Amino acid sequence: MRIGMGYDVHRLVPGRKLVIGGVDIAFEKGLLGHSDADVLLHAVCDALLGAAGLGDIGRHFPDTSAEYKGISSLTLLEQVHRLLAQGGFSVNNIDATIVAERPKMAPHISSMIRNIAAAVKTGETAINVKATTTEGLGFAGKGEGIAAYAVCTIRQDARGVER
């Protein structure tokens, strides 16, 4: 069993769609980034890559590459899953937290869980997503950005070689 941890943050700006967990959320601002800037999926990707000893999301999907401009982070998560599978790893569980004052995430969490489970080819019960505010404190509390944390465990099957 291996454990990984991921974190991501993006600035909220007008004129962008807000996509979190692969879900389009109606809001007056969206997250700024090279891809769709999905903080939740970026944190999940980093957690999975870290657990497998494969670096981070920037190493595999650099923001200097035109190939990844505007790409869906669900596509990136699917690619991360393929990298893990090539090493003989499978996802045991993922636990993630979104940090945002607004908009409310609760109505979207079940869709986020479905999206993540499908991308990493595991059951929905292996995925947990929750959200919290910062009670008005810091950049998230002031509505300047949204952050996400993710922790995961992965396991290596008999065909994989421990690194």
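1. Looking at the pattern of salt bridges
Piece 1. For the coordinates displayed, the defined rule picks out three salt bridges.
Piece 2. Lys 17 is the salt-bridge partner of Asp 24, the closest N and O atoms lying 3.4 Å from each other. Per residue, the accessibility class of Asp 24 equals that of Lys 17, and both read exposed.
Piece 3. Put simply, Glu 28 and Arg 102 hold a salt bridge, and the shortest N to O gap is 3.0 Å. Placement of Glu 28 in the loop between β3 (23–25) and β4 (30–31) and of Arg 102 in the loop between β5 (89–99) and α4 (109–119) is noted, with a sequence separation of 74 residues between them.
Piece 4. Take Glu 28: its relative accessible area is 48%, and that puts it in the partly exposed class.

2. Digging into a nonpolar patch on the surface
Piece 1. Side chains of Ile 3, Met 5, Tyr 7, Val 9, Phe 139, Tyr 149 and Val 151 sit close together on the surface and give an oily, nonpolar patch of about 640 Å² of accessible area.
Piece 2. Where the nonpolar patch is concerned, the elements lending two or more residues are β1 (2–13) and β7 (145–156).
Piece 3. Examined against the element boundaries, Phe 139 turns out to sit in helix α5 (residues 138–141).
Piece 4. With relative accessibility at 35%, the residue Phe 139 sits in the partly exposed group.

3. Quick notes on the environment of Leu 41
Piece 1. Following the sequence through the fold, Leu 41 ends up in helix α1 (residues 39–51).
Piece 2. Classification of Leu 41 by relative accessible area gives buried; the value is 0%.
Piece 3. Spatially, the C-alpha atoms of Leu 41 and Gly 138 are 22 Å apart, while their sequence positions differ by 97 residues.
Piece 4. For Leu 41, the residues in contact, after removing those within four places along its chain, are Gly 21, Gly 22, Ser 73, Leu 74, Leu 77 and Ile 116.

Procedures and definitions
- In this numbering scheme, every chain counts its residues from 1 along its sequence in written order.
- Local features are withheld for residues below a pLDDT of 70 in this predicted model, meaning they are given only at 70 or higher, and side-chain atom pairs are given and counted only at 80 or more; totals for whole chains, interfaces and linings count all residues.
- With hydrogens and water excluded, all non-hydrogen atoms of the structure serve as input to the side-chain values.
- We define a salt bridge as a side-chain nitrogen of Lys or Arg found within 4 Å of a carboxyl oxygen belonging to Asp or Glu.
- Buried, partly exposed and exposed residues are distinguished by accessible area as a fraction of the type maximum, computed with a 1.4 Å probe on protein chains only: under 20%, between the cut-offs, and over 50%, respectively.
- Put simply, DSSP H or I for four residues or longer makes a helix, DSSP E for two residues or longer makes a strand, and each gets a number counted from the N terminus.
- Patch construction takes residues with relative accessible area above 30% that form no salt bridge. Like charges are linked within 9 Å, and nonpolar side chains (Val, Leu, Ile, Met, Phe, Trp, Tyr) are linked within 5 Å.
- Every accessible area reported is derived by Shrake-Rupley at a probe size of 1.4 Å, with residue values counting cover from the shown protein chains alone.
- Throughout, a residue-residue contact means that at least one pair of heavy atoms, one from each residue, lies within 4.5 Å.

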